[in-house]
Amino acid sequence: MEPDVSVEGGCMIRIVVRPVGHMPGSHMRDYVSIVVRHTKIDLSSISSFYTEHQKSPFAHQPWDTGSLRFKYLVGGAQQSPWEDFQASRKVLGVIGLCHCPSSPDLGIVSEQFAAICKAYPAALITRCFAFYPSDSQLEEDDKKRQNLIMFPPADWQALEFHMQTLIQDIAAALLMEFEKWVLHAESTGTILKTPLDSQASLSSEEVIKAKKRRLGRAQKTIGDFCLLAGSPVDANAHYSTAIELARLTGDVFWHAGAIEGSVCALVIDRMGQKDQMLEEEVKYRYYEVIQLYRRVSTINFELEATLKLARFLCSRRELAKEVVELLMGAADGAKALIDASDRLVLNVEIARLFGALGYERKAAFFSRQVAQLYLQQDNCWAAISALQVLSMTSKSYRIQSKAKHKKPCCLSNEVQSASDGGRSQAQSIASLFESQWSTLQMVVLREILVSAVRAADPLAAWSAAARLLRSHYPLITPTGQSGLANALTSSAERLPSGTRCADPALPFIRLHSIPMLPPQMETVKRNTGKKDWWSGSAPSGPFIYTPFGESNDDKKQEIIWIVGEPVQVLVELANPCTFELAVESIYLSLPSESFEAFPSSVTLPPNTSQIISLSGIPISVGPLTVEGCIVRCFGVITEHLFGDVDDLLLGAAHGLILADPFRSSGFPKIRNAPNQNITVVPSLPLLIPHVIGGDVSTVLYEGEIRDIQIGLANAGSVAVVEANVSLSGKQQENVISIGHDVLQSALPLQPGASVVITVRLQAGQLNLETENVSTKIVSGNAGRSSKDGSGPTLVIHYSATAVKETYLSICLYRESNFEWQVGGVGVGLQFRGTLMQVGDDLPTDPVAFPPGRRLALPLQIRVIQGLCLVQARLLSMEIPAQINRSLPIPSTVGDTDLHSCMTTENTADSLVKIDPYRGSWGLRLLELELRNPTEVIFEIMVQIQRNNRENGNIETENEGQAAECIYPATRIDRDYAARVLIPLEHFKLPVLDKSFFGMEAQGKEGFTGKISSNAEKQTKAELNATIKDLTSRIQVKWQSGRNSFGEMNIKDAVQEALQTSVMDILLPDPLTFGFRVAKNHSSDDYIDALPESNLKSPLTEGDNSSVFHKGQTKGSIIAHELTSLEVLVRNNTREPIRMILSITCRDVAGENCFDGNKATVLWAGILSGIDVEVPPLGEAIHPFAVCFLVPGEYTILGAAVIHEANEILRARAKTNSAEEPIFCSGPPFRVHVVGVL
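Residues numbered from 1 in each chain as written. Predicted model: local features only at pLDDT ≥ 70, side-chain atom pairs only at ≥ 80, totals over all residues. Heavy atoms only, no water.

**Brief notes about the overall build of the protein chain**
Moving on, step 1. When helices and strands are tallied, the protein chain shows 29 helices and 51 strands.
Moving on, step 2. Considering the protein chain as a whole, with its 1237 residues, one finds that 46% of them fall into the buried category.
Moving on, step 3. Residue pairs at least 24 apart in sequence account for 78% of intrachain contacts in the protein chain once pairs closer than 6 positions are excluded.
Moving on, step 4. In the form shown here, the protein chain has an accessible surface area of approximately 61600 Å², with 51% of it arising from carbon and sulfur atoms. (Helix = DSSP H or I, 4+ residues; strand = E, 2+ residues; numbered from the N terminus. Buried < 20%, exposed > 50% of the residue type's maximum accessible area, 1.4 Å probe, protein only. Contact = heavy atoms within 4.5 Å. Areas by Shrake-Rupley, 256 points an atom, 1.4 Å probe, with all protein chains shown as cover.)

So this is what it looks like as structure tokens:
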């Protein structure tokens, strides 16, 4: 049988193309390519080469539209025994190709070409083309160059043009030879025989029939040559004559051949005008041809006619059913073929035609028949042919090699993005696994493996074994799995080291996850429109999730990688086979110019899986997608795509494949990791924190204050230009201060540099029950630690570019032709052109605007029991007055500083509060009972802050120095308690104001209506604010060792203790009395009193008013001497006070020393009935003199009766009568009188 038969095959002129001499393969392919392209030679193009020696027998030759058709047989062809029956089976031309540089002796070339031509006796034209001859070869004798046509050295285009000219010459020569043959046949006739004639008997009757048939056969052959000459009209005329003669003579075989020729002439004549009528005519005639061939039992020609008709009809899809019937009939006829090569050709043609129809499965079936016929031949070339055929059919069985088939995308991603419900998803999955014929696939793959082994193709064998083992391991026995593993290993041994294969074997690999950057390396997208560029990176709104937000299902999660910083990807490897699998090398499959991957190795036991981490370093900026891994296993390098395994798992989930390779992994079932978008940004700085001398977990006592030194080192490759420190999370109040200035002064922080910042922490209070004090004391080791995420977190946002630089790059982003000028330091940029307007879309590409970084350092604070406050209470004490050597220096309203030097006695005196209404020295103290349940020793220090009312803030006494320490440090040993007394004298208000009495008065009177309720609320708020201000000024600090110190939280306890007596503590007296020695007194003695803190002394620092005699006791005066004294009356209200002042002196018995018969003190001046008016917040001074006659102890008192008292005085005196006078008495001043010896 002839391959590639067609209806138009009768007009094809066969020309053999053979190499002559030594011909390199590459040159042979090049020379053949410029020859075989000339398959159709128009008759109009050969007119210049054609010479009509006599009248042409082709009367209807279409010189304008006709053409000659060449069919080149490269490598040669065997002589057919049916050449006389069909002229198109003859080899009518021989072309030899010679490469002169490889064949220097042209004589030998000429002889070889002549020997080749003898094998084709029917050849009418012979030509040998010699390419690139040398000069010496051109000069050789013409006898040696007989039948050789030289192609002088030239470029390829010139060679093509030269070849076209010679092919046209060959076509013209063939046409003239056809004319000669036809003219000779018509004049003399010819004897034409076929193999069927040789089998006939030589009876006289048969001889008579043969003579009658000679004319019909000659007409049929002349028609064949007319077709070859490109004249279908002349051919049809001769075929019609041949058909009639064959019918009359009963020459059935030639009758069928003449009909075939007439059909070919009809189709050629109507070339390009195919219509339904033509198809019906062709079908009718060919069915007749098939019946005629069947009558003479020529199965080969019957099958060829069937294939010709099927090929002619397969171009129309509506006739596919009829074509299938023809092909299946031809397949049944293959059983009658004796020659295996004929069966091979038949199956090849049937497979090709089924493939042209789109019937892939039928084409694959007959292709396998072809491969089996090849495998029956025990030689390497047959095995190579079988391998090629099976490789072509593998696509139909869905087992094709990835080297020849690239999947457009991963179906699992398409299924996940399906939006039309479950129907489209089910259809997509079914379409993926519709051809999963496991048993048949295994058979085909085994045949491919056998063919590759016989063909000595180790790479194809490795690929087939890998596909077989990977796709069908559940159906293969353990012995078979081991055998395939050995086949993979043996094939790899025959391959060069580093060979790559497109088909992966084991293991199965899927993407587990791409871990986010650790908190120390976290990146933050920069908001270029804000100075605090990190704001907006967290979700906004009061809810964690809102169903009304924009859906992000279609958006893939974006991951940021940084150039030069290592990253890792988690993948899961599975070995579902029964043998141990050694993965020699595995690394991420990413472009080498963008990513440097680090290989790893792993050994997987049988039927196990393992999650490993693959790492690498990005080396260039841009987007990346992790699609798979590069694996070296069984000696060959392969690429494993995650999408393939995702499709496999998808089919396993829907029951469309046999098994899930990860089913025995033991890991929890995970969803397929999405194909995440990865963006690589330029290098960023990287701050590495470390706590000096410990870690971030700190154990503190209640109220303890401690400094933590945190070192920040830049481990990146670029400098830190901008850094901002903030706090987040709960319990931020535990952080007192952060060293912002130190960090800012260290910028820019170059790579490798470091800086140390100080964070000051203060521990809070334990939330223990305060009712059971004993429990609180005993549980000394009770503690509270910050829960995960509930403690304060130190957050540092930093970047390699400042915000101002980002603003500049944004403004110039869309302007390419701009001019800028800088006028000097402090002068801004001046642009010309169109800059971006406010509100335009700013570019958000992370490559154009690299992100910043966020360093989160949780401060884990564990608070344990420290000093315990057992109770706080208010004490009122009476103490005697003391005489001091020097007068104290009290303050007045508006004073902002105190005397810088205060003696120990003055400090003690300042603790005393004057109570003019009780007539004695009174003192109010706050007592704190403290207990130490810990294992360390504490020292307690009390500090009081002074309230500066004029400036509106609170200042510590002795501004710029430490606050006044009332008592020396009190030491409390472990498991001991102590009491600390805090005097409240410093908390007196400087002015007696009306508003304070409103608080007390409104609290006693009933409130009615809405207005009263609001006033009551306001009053209570003011009172609470006053108490809060009072308690906030008392500080109880402790220290333990060198570095542990803190402050106790006593505000609540003090507020509760002072709640009932706060007004008595805060409100000053309306009048304050004091006595002193007059300035002009020449005596060395003086009276020293313990005055109220709001009494201002008229003495200055330069006054020398305290002079003592030798041997005289300090704080005493001399008897029998007249001493000038002054009484000072202070008005502590904002309104003037008019009063009647009187002065009294009493002895130790309480008797009046100024009046009566027993007066012991002489006096000068006015001592009673003194009418005095004291201005608001002012002082009045009244002088007098006394002379003590008897040494001893005396007491001097000042008193006043206030008339026309205002509301403030009545409220302070707690009287309601407007006519009742108010009596004010000053404190008793003790005077020690000594005699003179």
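That shown, we press on.
**Some details on the side chain of aspartate 342**
Moving on, step 1. By the element assignment, aspartate 342 lies in helix H12 (residues 340–357).
Moving on, step 2. As a buried residue without a salt bridge, aspartate 342 has its nearest oppositely charged side chain in arginine 343, at a separation of 8.1 Å.
Moving on, step 3. If sequence neighbours within four positions are ignored, aspartate 342 has contacts with Met1, Asn300 and Leu337. (Lys, Arg positive; Asp, Glu negative; His and termini not counted. Salt bridge = Lys/Arg side-chain N within 4 Å of Asp/Glu carboxyl O.)

**Topic: the packing of aromatic side chains**
Moving on, step 1. Throughout the structure, instances matching the rule amount to 28 aromatic pairs.
Moving on, step 2. Taking the centre distance of 5.5 Å and the plane angle of 55° together, the rings of tryptophan 82 and phenylalanine 253 count as tilted. With a gap of 171 residues between them, tryptophan 82 in the loop between strand E3 (67–74) and strand E4 (91–99) and phenylalanine 253 in helix H8 (residues 252–269) connect regions that are remote in the sequence.
Moving on, step 3. Members of the aromatic cluster, each reached through a chain of ring pairs, are Trp82, Phe85, Phe253, Trp254, Tyr293 and Phe301.
Moving on, step 4. Here the guanidinium or amino end of arginine 510 rests over the ring plane of phenylalanine 662, the centre of that ring lying 4.1 Å away.
Moving on, step 5. Above the ring of tryptophan 533, the side-chain terminus of arginine 526 is found at 5.1 Å from the ring centroid. (Phe/Tyr/Trp six-rings, centres within 6.5 Å; stacked < 30°, edge-to-face > 60°. Lys NZ or Arg CZ within 6 Å of the ring centre and 35° of its normal.)

**Notes on the sheet that holds strand E48 (residues 1179–1188)**
Moving on, step 1. Here we have four strands laid out as an open sheet, ordered E42-E44-E48-E46, and antiparallel in their pairing. Edge positions in the sheet fall to strand E42 (1071–1077) and strand E46 (1161–1164), since each of these pairs with one other strand and no more. Taking the axes of each pair of neighbouring strands and ignoring which way they run, one obtains an average angle of 30° across the sheet.
Moving on, step 2. With nine bridges connecting them, strand E44 (residues 1122–1131) and E48 associate as antiparallel partners. Among the inter-strand pairings, valine 1129 is bridged to a residue of E48, identified as alanine 1180. (Pairing = 2+ DSSP bridges. Axes fitted to C-alpha atoms, helices over the stretch in contact; angles between N-to-C directions.)

**Details of H12**
Moving on, step 1. Its 18 residues give H12 an end-to-end C-alpha distance of 26 Å, which sits within 8% of 26 Å, the value for a rise of 1.5 Å per residue.
Moving on, step 2. Taken as a whole, H12 has its buried residues at Asp342, Leu344, Val345, Leu346, Asn347, Glu349, Ile350, Ala351, Leu353, Phe354 and Leu357.
Moving on, step 3. Buried residues belonging to H12 abut helix H10 (299–313), helix H11 (320–333) and helix H13 (360–375).
Moving on, step 4. Positive backbone phi, at 95°, marks glycine 358, one or two positions downstream of H12. (Expected span 1.5 Å × (residues − 1).)

**Focus on the sheet that holds strand E9 (residues 522–524)**
Moving on, step 1. Taken in spatial order, the four strands of this open sheet run E9-E30-E27-E23, and their pairing is antiparallel. Of all strands in the sheet, those bounded by a partner on one side alone are E9 and strand E23 (722–729). The mean inter-strand angle of the sheet, taken between neighbouring strand axes irrespective of direction, is 30°.
Moving on, step 2. Where E23 meets strand E27 (residues 792–799), eight bridges bridge the pair, whose relative direction is antiparallel. Across the sheet, residue serine 726 finds its bridge partner in E27, namely valine 795.

**Quick notes on the packing of H10 against H11**
Moving on, step 1. Following both chains from N to C, one finds H10 and H11 inclined at 160°, their axes separated by 9 Å at the closest point. Judged on the interaxial angle alone, H11 and H10 are roughly antiparallel. When the axes of H10 and H11 are compared, the crossing they make is left-handed. Only Glu322, Val323, Leu326, Leu327, Ala330 and Gly333 of H11 make contact with H10, whose side of the interface consists of Ile299, Leu303, Thr306, Leu307, Leu309, Ala310 and Leu313.
Moving on, step 2. When the residues that make up the contact of H10 with H11 are grouped by side-chain class, the tally is ten nonpolar, two polar and one charged. (Parallel < 35°, antiparallel > 145°, perpendicular 65-115°, else oblique. Left-handed = near helix turned anticlockwise from the far one by under 90°. Nonpolar A, V, L, I, M, F, W, Y, C, P; charged D, E, K, R; others polar.)

**Considerations on unusual backbone geometry**
Moving on, step 1. Geometrically, the link from leucine 506 to proline 507 is a cis peptide bond, its omega value of 0° lying close to zero.
Moving on, step 2. Note that the residue after leucine 747, namely proline 748, is joined by a cis bond; omega there is -5°.
Moving on, step 3. With respect to the secondary-structure elements, proline 748 resides in the loop between helix H21 (740–745) and strand E25 (754–762).
Moving on, step 4. A positive phi angle, near 60°, is found at arginine 398, a position not held by glycine.

**Things to note about the nonpolar core**
Moving on, step 1. Within the largest apolar cluster, 103 residues are counted, with the highest numbers of intra-cluster contacts made by Phe70, Ile95 and Leu97.
Moving on, step 2. At 14 residues, helix H4 (residues 156–188) tops the list of elements feeding residues into this core.
Moving on, step 3. Once residues within four sequence positions are removed from consideration, leucine 97 is found in contact with Val17, Arg18, Pro19, Val20, Met23, Met28, Tyr31, Val32, Val35, Phe129 and Phe131. (Core = buried A, V, L, I, M, F, W, Y, C linked by side-chain atoms within 4.5 Å.)

**Some thoughts on the confidence of the model for the protein chain**
Moving on, step 1. A residue-level look at the protein chain finds 73% of positions with pLDDT of 70 or above and a mean pLDDT of 76.
Moving on, step 2. Below pLDDT 50 for its whole length, residues 407–435 participates in 39 contacts with residues either more than four positions away or in separate chains.
Moving on, step 3. Low pLDDT, under 50, characterises residues 1082–1114; the predicted model gives this stretch 94 contacts beyond four residues in sequence or across chains. (pLDDT = per-residue confidence, 0-100.)

**Here's the deal with the environment of arginine 127**
Moving on, step 1. Of note, arginine 127 is situated in strand E5 (residues 125–131).
Moving on, step 2. Sequence separation between arginine 127 and leucine 148 is 21 residues; the distance between their C-alpha atoms is 6.7 Å.
Moving on, step 3. Ignoring sequence-local partners within four residues, the contact set of arginine 127 consists of Val94, Ile95, Gly96, Phe113, Asn147, Ile149, Asp169, Ile170 and Ala173.

**Quick look at the pairing of strand E51 (residues 1229–1234)**
Moving on, step 1. Taken together, the three bridges between strand E43 (residues 1116–1118) and E51 define a ladder with parallel strand orientation. Of the residues in E51, the one forming a bridge with isoleucine 1118 is valine 1234.

**Section: a nonpolar patch on the surface**
Moving on, step 1. A cluster of nonpolar side chains, namely Leu1162, Leu1189 and Val1190, defines an oily patch on the protein surface of about 230 Å² accessible area.
Moving on, step 2. If you trace the backbone, valine 1190 turns up in the loop between E48 and strand E49 (1192–1202).
Moving on, step 3. When its relative accessible area of 41% is taken as the criterion, valine 1190 is described as partly exposed. (Patch = residues over 30% accessible without salt bridge, like charges linked within 9 Å, V, L, I, M, F, W, Y side chains within 5 Å.)

**Digging into the environment of leucine 1162**
Moving on, step 1. Examined against the element boundaries, leucine 1162 turns out to sit in strand E46.
Moving on, step 2. A sequence separation of 23 residues divides leucine 1162 from alanine 1185, and the C-alpha atoms of the two residues are 8.4 Å apart.
Moving on, step 3. The contacts of leucine 1162, once residues within four sequence positions are left out, are Ala1185, Val1186, Cys1187 and Leu1189.

**Re the side chain of threonine 934**
Moving on, step 1. Note on placement: threonine 934 falls in the loop between strand E34 (920–932) and strand E35 (938–948).
Moving on, step 2. A polar contact is formed between the side chain of threonine 934 and the side chain of asparagine 932, at a distance of 2.6 Å.
Moving on, step 3. Beyond its immediate chain neighbours, meaning those up to four positions away, threonine 934 contacts Tyr701, Gln865, Gly866, Arg974 and Asp975. (Polar contact = N/O pair within 3.5 Å; in protein donor to acceptor, adjacent residues only side chain to side chain.)

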